[in-house]
Amino acid sequence: MLMVAGPVLGSEEKSALASVVDSGWITMGERVREFEREFARAHGVKDAVAVSSCTSGLHLVLLALGIGPGDEVLVPSMTFVATVNCIVHVRAKPVFVDIEALDRPVMSRDDAARKCTDRTRAVILVHYAGYVLDRDDWREFARSRGLRLIEDAAHAAGATGAGPFGDAAAFSFYGNKNMTTGEGGMVVAEQPDVLDRIRTMRSHGMTAGTFQRTMARNSGYDVTAIGFNCRMDEFRAAVGLVQLQRLGDWNRTREQLTRLYVERLDPEILIPFTQDLARNAPSAYHIMPIVLPEGVDRRQVVDHLRALEIQTTMHYPPVHSLSVYRNLFKGVTLPVTEEFAGRELTVPLHPGMEPDDVQLVASALDGALSRTGKRPGSPARATMQSDPVLVSSV
Ligand SMILES: *Cc1c(COP(=O)(O)O)cnc(C)c1O
């Protein structure tokens with residue numbers, strides 16, 4: 001089966017894990033600190049805090065920025081539910097914002113501006129599919145309204161040319177992300193005191209960890225905040241250090257595959273971010289979302305591709321449409337988000353793929369679309385069908 005995503009793990013990760021076993025120090029030690037430093041360096045920032053997940057990172061960011069009861073937070077509904085759950089966990093109110101357009105499924109500044117009230121305190125941007133867009137416009141949007149700017153950068157690890165640009169950003173190392181530690185995440189922040197607060201909150205609000213206490217032969221600690229256990233362990237950091245080394249190459253492969261998709265997919269299929277790709281906007285090319293032509297039965301397309309051993313998924317069911325949110329925040333309608341969610345399909349994109357795999361998917365989609373009867377023949381399709389590489393891979 002050609003999977004939508006998949007981790008790349010090998011002998012280097014195995015020996016990194018073995019070296020942690022041999023070292024006898026398995027959590028919150030030197031490797032975690034080294035991973036933080038290396039990750040920060042790779043993303044053009046001074047420092048970072050490793051956490052147990054991107055979700056816990058976002059939660060700590062909101063707390064560290066003082067977002068709480070009575071505050072409103074602008075957030076896209078076109079995201080993974082974790083982005084929004086964090087807002088509810090700090091007892092603030094998520095205000096769902098529509099996306100810009102079907103071919104640019106990121107939060108619309110116009111709709112965000114309309115939804116600002118005197119209670120709005122923060123904006124959480126989601127770098128959907130890894131595209132880090134409109135940095136200056138968003139900074140100005142937040143600055144002029146006195147809002148905190150937070151980035152859900154779960155898709156954006158290693159995005160070239162784009163360091164984080166808000167007050168704080170959280171990255172994910174979940175198994176299907178661009179680099180993985182199994183579970184894990186990383187937080188960066190503009191202000192050192194925000195990062196310090198996050199570092200403290202990560203480990204119960206304690207002033208010193210086991211490692212520091214052992215090293216300083218000072219067994220005492222104080223607790224300065226009601227914190228959590230959102231720590232990362234040495235095993236994950238060891239794997240993360242190896243993965244980070246390879247992230248640049250992997251993201252370049254992702255970019256090549258993405259551009260090949262743009263070339264090969266039937267012109268009737270709408271490909272988000274085509275304009276941004278054309279102007280080389282910063283991206284980590286995390287997923288390959290496509291928008292099927294209007295009226296096409298997505299179920300049939302999914303089945304057709306599955307029969308050809310091609311996995312597809314959807315990013316995402318809009319958060320405002322999920323039962324718990326539908327009940328909590330009644331009457332939310334986001335026309336562009338809903339249209340996008342009805343027609344979006346995510347096709348395979350990961351560094352383990354070959355160019356032939358892209359061709360295979362493009363051809364399978366051609367077959368699926370002609371079956372639904374919605375699709376007139378096009379020259380692009382004729383070329384694909386006569387491609388000898390494709391014939392041999394089928
Ligand atoms: C994966 C993901 C998360 C959650 O990341 P975890 O590390 O699994 O907590 C949050 N937001 C988005 C957009 C994601 O894709």
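The structure under discussion appears in the preceding block.
This is a predicted model, so every value here is computed, not measured.

Procedures and definitions
Starting from 1, residues in each chain are numbered consecutively following that chain's sequence as written. Confidence filtering applies because this is a predicted model: local features only for residues at pLDDT of at least 70, side-chain atom pairs given and counted only at 80 or more, and all residues used for totals across whole chains, interfaces and linings. Working from all heavy atoms in the structure, the side-chain values ignore hydrogens and water. Any two strands are treated as partners once DSSP identifies two or more bridges connecting them. Put simply, DSSP marks the helices as runs of H or I at least four residues long and the strands as runs of E at least two long, and each gets a number from the N terminus on. Axes here mean lines fitted to C-alpha atoms, for a helix over just the part in contact, with angles spanning 0 to 180 degrees between N-to-C directions. In the cavity and pocket records, a cavity denotes points on a 1 Å grid over the protein atoms alone where a 1.4 Å probe fits but cannot get out, a pocket denotes an open set with protein on both sides within 12 Å along at least 5 of 7 lines, and lining residues are residues with an atom within 4 Å of a point. Grid points are joined across faces, edges and corners, and a volume is the space filled by probe spheres set on the points. Each residue receives one of three labels: charged for Asp, Glu, Lys and Arg, nonpolar for Ala, Val, Leu, Ile, Met, Phe, Trp, Tyr, Cys and Pro, and polar for the others, Gly being one of them. Any pair of residues with heavy atoms lying within 4.5 Å of one another is described as a contacting pair. Pairing of N or O atoms within 3.5 Å defines a polar contact, subject to two protein rules: one partner must be a possible hydrogen donor and the other a possible acceptor, and residues neighboring in sequence count only if both atoms are side-chain atoms. To form a nonpolar core, buried Ala, Val, Leu, Ile, Met, Phe, Trp, Tyr and Cys residues must be joined to one another through side-chain atoms within 4.5 Å. Here the term buried applies to any residue with accessible area under 20% of the maximum for its type, exposed to any over 50%, and partly exposed to those in between, with areas from a 1.4 Å probe on protein chains only. Whether a residue is near a molecule or strand depends on its heavy atoms: if one lies within 4 Å, it is near. All accessibility values rest on the Shrake-Rupley procedure with a 1.4 Å probe; residue burial counts only the protein chains present in the view. A cavity or pocket is said to hold a molecule if more than half of that molecule's atoms lie within 2 Å of its grid points.

Caption draft 1: Seen up close, the sheet that holds strand S1 (residues 49-51). Strand order in the open sheet made by the seven strands is S1-S9-S8-S7-S6-S2-S3, with mixed pairing throughout. Two strands bound the open sheet, and with one partner strand each, they are S1 and strand S3 (93-97). With strand direction ignored, the average angle separating the axes of adjacent strands in the sheet is 25°. Note: strand S6 (residues 120-126) against strand S7 (residues 148-152), five bridges, orientation parallel. If you follow Val126 over to S7, its bridge partner there is Asp152.

Caption draft 2: Layout of empty space enclosed by the protein. Under the definition given, this model contains four cavities of 30 Å³ or more. Looking at the largest cavity, its volume works out to about 90 Å³. Lining the largest cavity are Glu100, Val106, Met107, Leu125, Val126, His127, Tyr131, Leu133, Asp134 and Trp138. Those elements giving two or more residues to the lining of the largest cavity turn out to be strand S5 (104-107) and S6. Looking at the lining of the largest cavity, its residues break down into seven nonpolar, one polar and two charged.

Caption draft 3: Representation of the environment of Arg104 in the model. Among the secondary structure elements, Arg104 is positioned in strand S5. Along the backbone, Arg104 and Glu30 are 74 residues apart, and their C-alpha atoms lie at a distance of 41 Å. Contact partners of Arg104, with chain neighbours within four places excluded, come to Ile99, Leu133, Asp134, Phe273, Asp276 and Arg279. Reaching out from Arg104, the side chain makes a polar contact with the side chain of Asp276 at a distance of 2.9 Å.

Caption draft 4: The arrangement of the nonpolar core in detail. In terms of nonpolar packing, the biggest core is built from 37 residues, with Phe35, Val123, Trp138 and Phe171 touching the most fellow members. At the level of elements, helix H2 (30-42), S3, S6, helix H6 (135-145), strand S8 (168-172), strand S9 (185-189) and helix H9 (234-264) are the ones that each hand at least two residues to this core. Setting aside residues no more than four positions away along its own chain, Phe171 makes contact with Phe39, His43, Cys54, Ala153, Ala154, Ala156, Ala157, Gly184, Gly185, Met186 and Val188. Within the second largest apolar cluster, 35 residues are counted, among which are Ala92, Ile150, Val187 and Leu195.

Caption draft 5: Representation of the site of the ligand in the model. In the vicinity of the ligand, 14 residues are found, and the nearest of them are Thr55, Asp152, His155, Ser172 and Lys177. Between the ligand and Thr55, the relevant distance is 2.4 Å, taken from an oxygen atom to a side-chain nitrogen or oxygen of the residue. Isolated, the ligand exposes 380 Å² of accessible area, and the fraction of that covered by the protein chains is 93%. One can see that the ligand is located within the largest pocket. Split into classes, the residues belonging to the shell around the ligand amount to five nonpolar, seven polar and two charged.

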